[in-house]
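# Coordinates in review
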Amino acid sequence: RKEVEQDPGPFNVPEGATVAFNCTYSNSASQSFFWYRQDCRKEPKLLMSVYSSGNEDGRFTAQLNRASQYISLLIRDSKLSDSATYLCVVNLISNFGNEKLTFGTGTRLTIIP
Amino acid sequence: GAGVSQSPRYKVAKRGQDVALRCDPISGHVSLFWYQQALGQGPEFLTYFQNEAQLDKSGLPSDRFFAERPEGSVSTLKIQRTQQEDSAVYLCASSLDEAGYIQETQYFGPGTRLLVL
């Protein structure tokens, strides 16, 4: 079983729609959680951190459920520029004391005009 | 300011050839990470440096992979006797502080796309 699991999609969504992604993680000792965005042939970039209380950044809302070990991302009023791969990322402290980001395979989103 | 840079951006190698991939982290960043991203997958952790010390190399897939950061800034990932399964994008990331208790954002470079024929 993968440590971080995501539906790879693709999700093809009309412009202006709301879209939600979920992600599950297997290690209950995971420390922190993120969503990264990766455009085609580009490097991953941090989209937002995810907190248990839920957090919002403009049209983006992230939620963490530690009991069920899942993370969600909601995008409202989707824009063409939201087309990208969204990577669910879990941060563990390794046996060596450093953080280790563990990435899901990513969910590919295409916004259709 | 300048971000993380990597070179070369693209590398084609014949099977069995040795390759060296370079990473220039953001100036002053203590932590440096290497990741491998296969096609259609998320990045996978390879190794971690705190300044010049390689504290975690648990993700290196075999002893053909070797990384160094001798002066605590530029890092090189070397792959010896490359195999076709080594074909991937190799990403470098750096963060400001020690990667542990303090959670610092990792900034990724554009990656080196390696193709082994």
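Higher on the page you've got the structure.
Residues numbered from 1 in each chain as written. Chains lettered and ligands numbered in written order. Predicted model: local features only at pLDDT ≥ 70, side-chain atom pairs only at ≥ 80, totals over all residues. Heavy atoms only, no water.

## A look at the overall build of chain A
Regarding its fold elements, chain A presents zero helices and 11 strands. Secondary structure elements in chain A, listed N-terminal to C-terminal, are β-β-β-β-β-β-β-β-β-β-β. Whereas a compact globule of 113 residues would reach a radius of gyration of roughly 13 Å, chain A reaches 14 Å, a difference of no more than 12%. When the backbone C-alpha atoms are referred to their principal axes, chain A occupies close to 45 × 30 × 25 Å. The buried share of chain A, taken over its 113 residues, is 47%. Contacts in chain A between residues far apart in sequence, at least 24 positions, make up 56% of those at least 6 positions apart. Carbon and sulfur atoms provide 48% of the accessible area of chain A, an area that totals close to 5600 Å². Positive and negative charge centroids in chain A, built from 12 and 11 side chains respectively, lie 4 Å apart. (Helix = DSSP H or I, 4+ residues; strand = E, 2+ residues; numbered from the N terminus. Rg over C-alpha atoms; globule rule 2.2 N^0.38 Å. Buried < 20%, exposed > 50% of the residue type's maximum accessible area, 1.4 Å probe, protein only. Contact = heavy atoms within 4.5 Å. Areas by Shrake-Rupley, 256 points an atom, 1.4 Å probe, with all protein chains shown as cover. Lys, Arg positive; Asp, Glu negative; His and termini not counted. Charge placed at Lys NZ, Arg CZ, Asp CG, Glu CD.)

## Quick word on the interface of chain B and chain A
Counting from both sides, the interface comprises 24 residues of chain B and, opposite them, 21 residues of chain A. Where chain B abuts chain A, roughly 1800 Å² becomes buried across the two surfaces, and 49% of that area is made up of carbon and sulfur atoms. Across the chain B-chain A interface, the total number found is zero salt bridges. The interface formed by chain B and chain A contains four residue pairs in polar contact (both at pLDDT 80 or more). For the side of chain B that touches chain A, the secondary-structure elements that each account for two or more residues are strand S4 (31–37), strand S5 (44–50) and strand S6 (53–56) of chain B. Here the residues of the side of chain B that touches chain A are counted per class, giving 11 nonpolar, 10 polar and three charged. (Buried area = accessible area lost by both parts, 1.4 Å probe. Salt bridge = Lys/Arg side-chain N within 4 Å of Asp/Glu carboxyl O. Polar contact = N/O pair within 3.5 Å; in protein donor to acceptor, adjacent residues only side chain to side chain. Nonpolar A, V, L, I, M, F, W, Y, C, P; charged D, E, K, R; others polar.)

## Notes on the state of the cysteines
All names here are of chain A. Enumeration according to the criterion identifies two disulfides over all chains in this entry. Note on cysteine connectivity: Cys-23 is disulfide-linked to Cys-88, with sulfurs 2.0 Å apart. With the S-S bond torsion at -70°, the cross-link from Cys-23 to Cys-88 turns out left-handed. Here Cys-23, found in strand S3 (residues 19–25), pairs with Cys-88, found in strand S9 (residues 84–93); they are 65 residues apart in sequence, far enough to count as distant. With relative accessibility at 0%, the residue Cys-88 sits in the buried group. (Disulfide = S-S within 2.5 Å.)

## Some points on a nonpolar patch on the surface
Residues and elements named next belong to chain B. A contiguous nonpolar patch, built from Val-12, Leu-115 and Leu-117 and spanning about 280 Å² of accessible area, is present on the exposed surface. Note that Val-12 resides in strand S2 (residues 10–13). We classify Val-12 as exposed; its relative accessible area is 51%. (Patch = residues over 30% accessible without salt bridge, like charges linked within 9 Å, V, L, I, M, F, W, Y side chains within 5 Å.)

## Description of the environment of Thr85(A)
All names here are of chain A. You can see Thr-85 is positioned in strand S9. Here the alpha-carbon distance between Thr-85 and Asp-39, two residues 46 residues apart in the chain, equals 6.2 Å. Setting aside its immediate chain neighbours within four residues, Thr-85 contacts Tyr-36, Arg-37, Gln-38, Gly-106, Thr-107 and Arg-108.

## Overview of the side chain of Asn55(A)
Of note, Asn55(A) is situated in strand S6 (residues 55–57). Within the structure, the side chain of Asn55(A) is placed 2.6 Å from the backbone oxygen of Ser49(A), a separation counted as a polar contact.

## Describing the sheet that holds strand S1 (residues 4–6) of chain A
Residue and element names in this part refer to chain A. Strands sit in the order S1-S3-S8-S7-S6 across an open sheet of five strands; the sheet is antiparallel. Each having just a single partner strand, S1 and S6 make up the two edges of the open sheet. With strand direction ignored, the average angle separating the axes of adjacent strands in the sheet is 20°. Sheet analysis places S6 next to strand S7 (residues 60–65), joined by three bridges and oriented antiparallel. Paired with Glu-56 across the bridge in S7 is Thr-61. (Pairing = 2+ DSSP bridges. Axes fitted to C-alpha atoms, helices over the stretch in contact; angles between N-to-C directions.)

## Some remarks on unusual backbone geometry
With an omega dihedral of 10°, the bond running from Gly9(A) to Pro10(A) counts as a cis peptide bond. By the secondary structure assignment, Pro10(A) is in the loop between S1 and strand S2 (11–14). Across the junction of Ser7(B) and Pro8(B), the peptide omega takes the value -10°, indicating a cis bond. Unusually for a residue other than glycine, Arg41(A) sits at a positive phi of about 60°. Tracing the backbone through its elements, the reader meets Arg41(A) in the loop between strand S4 (32–38) and strand S5 (44–50). Backbone geometry at Arg81(B) places phi at a positive 45°, although glycine is not the residue there. Relative to the helices and strands, Arg81(B) is located in the loop between strand S8 (75–79) and strand S9 (88–95).

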